[in-house]
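Residues per chain, in single letters:
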Amino acid sequence: MVETTEVKAFGNEAADAQLEQLNIKRRKTTPHDVEIDILFCGVCHSDLHTARSEWGPTMYPCVPGHEIVGKVKSVGGHVSKFKVGDMVGVGCIVDSCRECEYCKDDLEQYCEPGMTGTYNAPDTHLKDSPTFGGYSESIVVDENYVLRIPENLDLAAAAPLLCAGITTYSPLHHWQVGPGKKVGVVGIGGLGHMAIKIAKAMGAHVVAFTTSESKFAEAKRLGADEVVLSKDAEQMAAFKGKLHFMLDAVSAEHDVNAYLRLLRVDGSLALVGAPEHPLPVSAFSLIVGRKSFAGSAIGGIKETQEMLDFCGKHNIVADIEMIDMQNINEAYERLLKGDVKYRFVIDMASLKGQN
Ligand code: NAP
Ligand code: ZN
Ligand code: ZN
């Protein structure tokens, strides 16, 4: 029998239900665990997709949140990497098999039997419960899945690095973005705005593609060298065959063929956005120019630490709008309208203050 304690959280009980305060069980720290007092948690569009069962049936209650930062409250007897008081983070992975070729290769996100997601995954410790994410007071995580936050970064603004940061850093790194490369970023939301900052810091020439006129002016401040209003056919045509790599971080249906046309011969477009419905790709979008249409999921634990250190070195954090836990439902509605610049982060003091 695993010992548990009750903590306050925010979640929903059904796809069409609003998120509200509820109590959840957390296991008491076992020898390899770190107990974290959650200070801030970013709001990823995946939280919304999951809470509303857009990616298939979700296990309810659903407590989302996988951009977690906080302070170590206690550690198990065998923990060697962290001590009480350390500022730490937890991203999208809280466990994996540790034995398959991908886990051994630091690619836990592609673990063969499947990684344990921070929320909405079967909990390997509490057998009758799904995992619960960061919209909560505290979390208990095996030390091997806990990250160290560089001291020079603002803690709240660093929270989105745990998903938006690594999900963009990993493909940018994998497709060797750097000096001499022209990179397109499509969809300037939480992920997209991080992709602009990271690709720029990697030395690439960055072109931002947005549907929002208001972001058109701002994308350059974020680091883009050029900005394209994707609804404008003339602006799009000017980039035909010009880009080495494109990262598509759009959360809803859109025409990917329009972007594949902008790739150079042998160019690749990687999807990180995960819309609810399939995206049709025309064969000729790929055949003409030997192009690749690819995808990428978050990043492994080692690479996440590498990304955090890279962001520490380059002073990169997210542009955030802080919200109270109680305003999460309104935040989701704004996310659907693309109305956030550029990431909501929940101040968890707002939950702790509630009875
Ligand atoms: P977000 O902050 O809501 O940003 C999405 C952006 O997509 C919007 O800001 C908007 O950018 C654009 N967009 C939205 N609706 C659109 C539409 N109908 N047509 C064209 N463009 C539209 O979301 P996010 O948190 O960055 O997440 C983006 C996607 O990545 C989500 O689907 C999420 O689940 C997924 N994701 C995947 C991974 C992974 O491992 N692959 C990890 C995290 C998240 P503009 O205003 O600039 O057009
Ligand atoms: Zn996410
Ligand atoms: Zn594995």
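Residues numbered from 1 in each chain as written. Chains lettered and ligands numbered in written order. Predicted model: local features only at pLDDT ≥ 70, side-chain atom pairs only at ≥ 80, totals over all residues. Heavy atoms only, no water.

Applying the stated criterion across every chain, the model contains 19 salt bridges. A salt bridge links Glu333 to Arg52; the nearest nitrogen and oxygen atoms lie 2.9 Å apart. Taken together, the residues span a long stretch of sequence, with Glu333 in helix α11 (residues 328–336) and Arg52 in the loop between α1 (45–51) and β4 (68–75) at a distance of 281 residues. Glu333 sits in the partly exposed class, given a relative accessible area of 36%. Taking the shortest distance from any N to any O, the salt bridge between Arg221 and Asp319 comes out at 3.0 Å. With Arg221 in helix α6 (residues 213–222) and Asp319 in the loop between α10 (301–314) and β16 (320–324), this pair connects stretches of sequence that are 98 residues apart. (Salt bridge = Lys/Arg side-chain N within 4 Å of Asp/Glu carboxyl O. Helix = DSSP H or I, 4+ residues; strand = E, 2+ residues; numbered from the N terminus. Buried < 20%, exposed > 50% of the residue type's maximum accessible area, 1.4 Å probe, protein only.)

Attention shifts here to the pairing of strand β12 (residues 226–229). Of the strand pairs in this sheet, strand β11 (residues 205–210) and β12 are connected by 4 bridges, and their pairing is parallel. For Ala208, the partnering residue across the bridge sits in β12 and is Val227. The parallel pair β11 and β12 is bridged by α6, and the resulting crossover is right-handed. (Pairing = 2+ DSSP bridges. Right-handed = clockwise from strand over helix to strand, strands pointing away.)

Let us now look at the domain arrangement of the chain. Domain assignment breaks the chain into domain 1 (4–163 + 319–352) and domain 2 (164–295). Here domain 1 and domain 2 have C-alpha centroids that lie 28 Å from each other. Listed by partner, the interface residues are 14 residues for domain 1 and 19 residues for domain 2. Interface area for domain 1 against domain 2, summed over the two sides, is near 1400 Å², with a carbon-plus-sulfur share of 48%. In terms of surface lost to domain 2, no three residues of domain 1 exceed Cys163, Asp319 and Tyr342, which account for 41% of the buried area on that side. Where domain 1 touches domain 2, the interface holds 3 salt bridges. Among the ionic pairs, Lys341 bridges to Glu218, the shortest N-O distance being 3.5 Å. Linking domain 1 with domain 2 are 15 residue pairs in polar contact (both at pLDDT 80 or more), by the criterion used here. The residue makeup of the side of domain 1 that touches domain 2, split by class, is 6 nonpolar, 3 polar and 5 charged. (Domains from an automatic or database assignment. Contact = heavy atoms within 4.5 Å. Buried area = accessible area lost by both parts, 1.4 Å probe. Polar contact = N/O pair within 3.5 Å; in protein donor to acceptor, adjacent residues only side chain to side chain. Nonpolar A, V, L, I, M, F, W, Y, C, P; charged D, E, K, R; others polar.)

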